[in-house]
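# An overview of the molecular structure
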Amino acid sequence: MPELPEVEITRRGIAPHVIGRRVERIDVYDRRLRWPVPADLETRLRGLTIDRVDRRSKYLLFHVGEAALLVHLGMTGTLRTWHDPPPRKPHDHVDITFDDGTVLRYRDPRRFGAMLWVASTADGHPLLDALGPEPFDAAFDADYLWRVTRRRHAAIKLALMDNRVVTGVGNIYANEALFRAGIRPSTPANRVSKARLARLVVAVRAVLEAAIAKGGSTLRDFVGSDGAAGYFQLEYFVYARAGAACRVCKRPIRQSRLGQRSSFYCAHCQPR
DNA sequence: CTTTTGACCTGACAGC
DNA sequence: TGCTGTCAGGTCAAAA
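Everything in this summary refers to the structure shown in the same document.

Analysis parameters
Residues numbered from 1 in each chain as written. Chains lettered and ligands numbered in written order. Predicted model: local features only at pLDDT ≥ 70, side-chain atom pairs only at ≥ 80, totals over all residues. Heavy atoms only, no water. Pairing = 2+ DSSP bridges. Helix = DSSP H or I, 4+ residues; strand = E, 2+ residues; numbered from the N terminus. Axes fitted to C-alpha atoms, helices over the stretch in contact; angles between N-to-C directions. Near = heavy atom within 4 Å. Nonpolar A, V, L, I, M, F, W, Y, C, P; charged D, E, K, R; others polar. Phe/Tyr/Trp six-rings, centres within 6.5 Å; stacked < 30°, edge-to-face > 60°. Buried < 20%, exposed > 50% of the residue type's maximum accessible area, 1.4 Å probe, protein only. Lys NZ or Arg CZ within 6 Å of the ring centre and 35° of its normal. Parallel < 35°, antiparallel > 145°, perpendicular 65-115°, else oblique. Left-handed = near helix turned anticlockwise from the far one by under 90°. Contact = heavy atoms within 4.5 Å.

### A few points about the sheet that holds strand 3 (residues 59-64)
Reading across the sheet, the 4 strands line up as 2-3-4-8 and stay open at both edges, with antiparallel pairing between neighbours. Both outer strands of the open sheet, strand 2 (52-56) and strand 8 (114-118), are each paired with one neighbouring strand and no more. Recorded for the sheet is a direction-independent mean angle of 20° between the axes of neighbouring strands. Pairing analysis gives 6 bridges linking strand 3 to strand 4 (residues 67-72), with the strands arranged antiparallel. Across the sheet, the residue bridging to His63 is Ala68, located in strand 4.

### A few points about the protein's contact with DNA strand B
Around DNA strand B, the structure places His91, Pro109, Arg110, Arg111, Phe112, Arg151, Arg152, His153, Ala154 and Gln260. Near-protein atoms of DNA strand B (within 4 Å) split between backbone and bases, with sugar and phosphate holding 55%. Taken together, the residues that form the surface near DNA strand B break down as 3 nonpolar, 3 polar and 4 charged.

### Considerations on the packing of aromatic side chains
Per the stated rule, a full pass over the model turns up 5 aromatic pairs. Taken together, a centroid distance of 5.9 Å and an interplanar angle of 35° make the contact between Tyr173 and Phe232 tilted. Here Tyr173, found in helix 6 (residues 171-181), pairs with Phe232, found in the loop between helix 7 (194-213) and strand 9 (254-258); they are 59 residues apart in sequence, far enough to count as distant. Of the two residues examined, Tyr173 and Phe232, each falls in the buried class. Judged by centre distance (5.0 Å) and plane angle (15°), the ring pair of Phe179 and Phe237 falls under stacked. Of this pair, Phe179 sits in helix 6 while Phe237 sits in the loop between helix 7 and strand 9, and the two are 58 residues apart along the sequence. Feature note: the residues Tyr173, Phe232, Tyr236, Tyr239 and Phe264 constitute an aromatic cluster, connected by ring pairs. When the ring centre of Tyr29 is taken as origin, the NZ or CZ atom of Arg88, which lies over that ring, is 3.9 Å away. Positioned above the aromatic ring of Trp146, the side-chain terminus of Arg150 is 3.5 Å from the ring centre.

### Examining the packing of helix 1 (residues 4-18) against helix 7
At a minimum axis distance of 9 Å, the contact between helix 1 and helix 7 shows a crossing angle of 40°. One finds that helix 1 runs oblique with respect to helix 7. Seen from above, helix 1 lies across helix 7 with right-handed handedness. Listed contacts from helix 7 to Leu4, Pro5, Glu8, Ile9 and Arg12 of helix 1 are Leu208, Ala211 and Ile212. Of the residues in the contact of helix 1 with helix 7, the class split is 6 nonpolar, no polar and 2 charged.

### Regarding the side chain of Thr102
Residue placement: Thr102 occurs in the loop between strand 6 (92-98) and strand 7 (103-107). Taking relative accessible area as the criterion, Thr102 reaches 2% and is therefore assigned buried. Contact partners of Thr102, with chain neighbours within four places excluded, come to His17, Thr81, Trp82, His83, Ile96 and Thr97.

### Regarding the sheet that holds strand 6
Read from one edge to the other, the open sheet built from 4 strands follows the order 1-6-7-5, with strand pairing classed as antiparallel. Pairing within the sheet leaves two strands with one partner each, and these edge strands are strand 1 (23-28) and strand 5 (78-82). If you compare each strand with its neighbour and ignore which way they point, the axes differ by 15° on average. Relative to strand 7, strand 5 runs antiparallel, the two sharing 5 bridges. When the sheet's bridge partners are listed, Thr78 is paired in strand 7 with Arg107. Against the sheet, helix 1 touches strand 5, strand 6 and strand 7, its axis set at about 30° to strand 5.

So this is what it looks like as structure tokens:
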């Protein structure tokens, strides 16, 4: 579910409730996430104070001194804070209780998410070390995109969704950004001109910013840290709109498949 | 190196 | 009311 905007919404919602708070207890009800929740997580984290909450790609990092708790929401994960949490429901896998009684609850029906321990953020972590630039980094520009796509013959949409190229862009926002940039998703990456890559950089940032401003996208189950839904799905130009009229030219939106993911585009607004 | 495919897991929905 | 098949926001690992 969550792409960069939803993870960022989660981060902003949670940070004020947990920064400066000391972890009093950790209850892991089900360790079977994408990787098992480390058996020693409780003993490592208990008693430590959260200094900062960062987002890197779609990962959240709860910094505690040199170390950090790393959380990924997978496809269906949500993190919510409660002052007085309701009874645990199925798929509520972890509760972290702070010294002021705040409870941070991790829920993830499909269990594609992760909760791991990073011993030293200075030393890096295998999941973080190979990541490309953040979309809002100055390093993500047309020259950079041009350089890293020279040997890529596969579709530009696959490059855009590759976290080594740029982080945080998933299926929804890749489709939306390519529409805004007027680029057909199936175009081989190395055949997109530098001028159009420059448009793509602008479009990626614009769509992510707009989504964050709307609280992210709630398709099935995403909610922010306070339980509020997002509304950006109402502004989609192409995603999940197969057969519907293009908001710009009124021609039908088409659907295809690239790398086992649904792709949506307007054949007129996104010419070959 | 790039590219493709399968795998992980649950729930929702369409069609029979 | 079942049952089966398909699809879903992610991304890793293996194989080509």
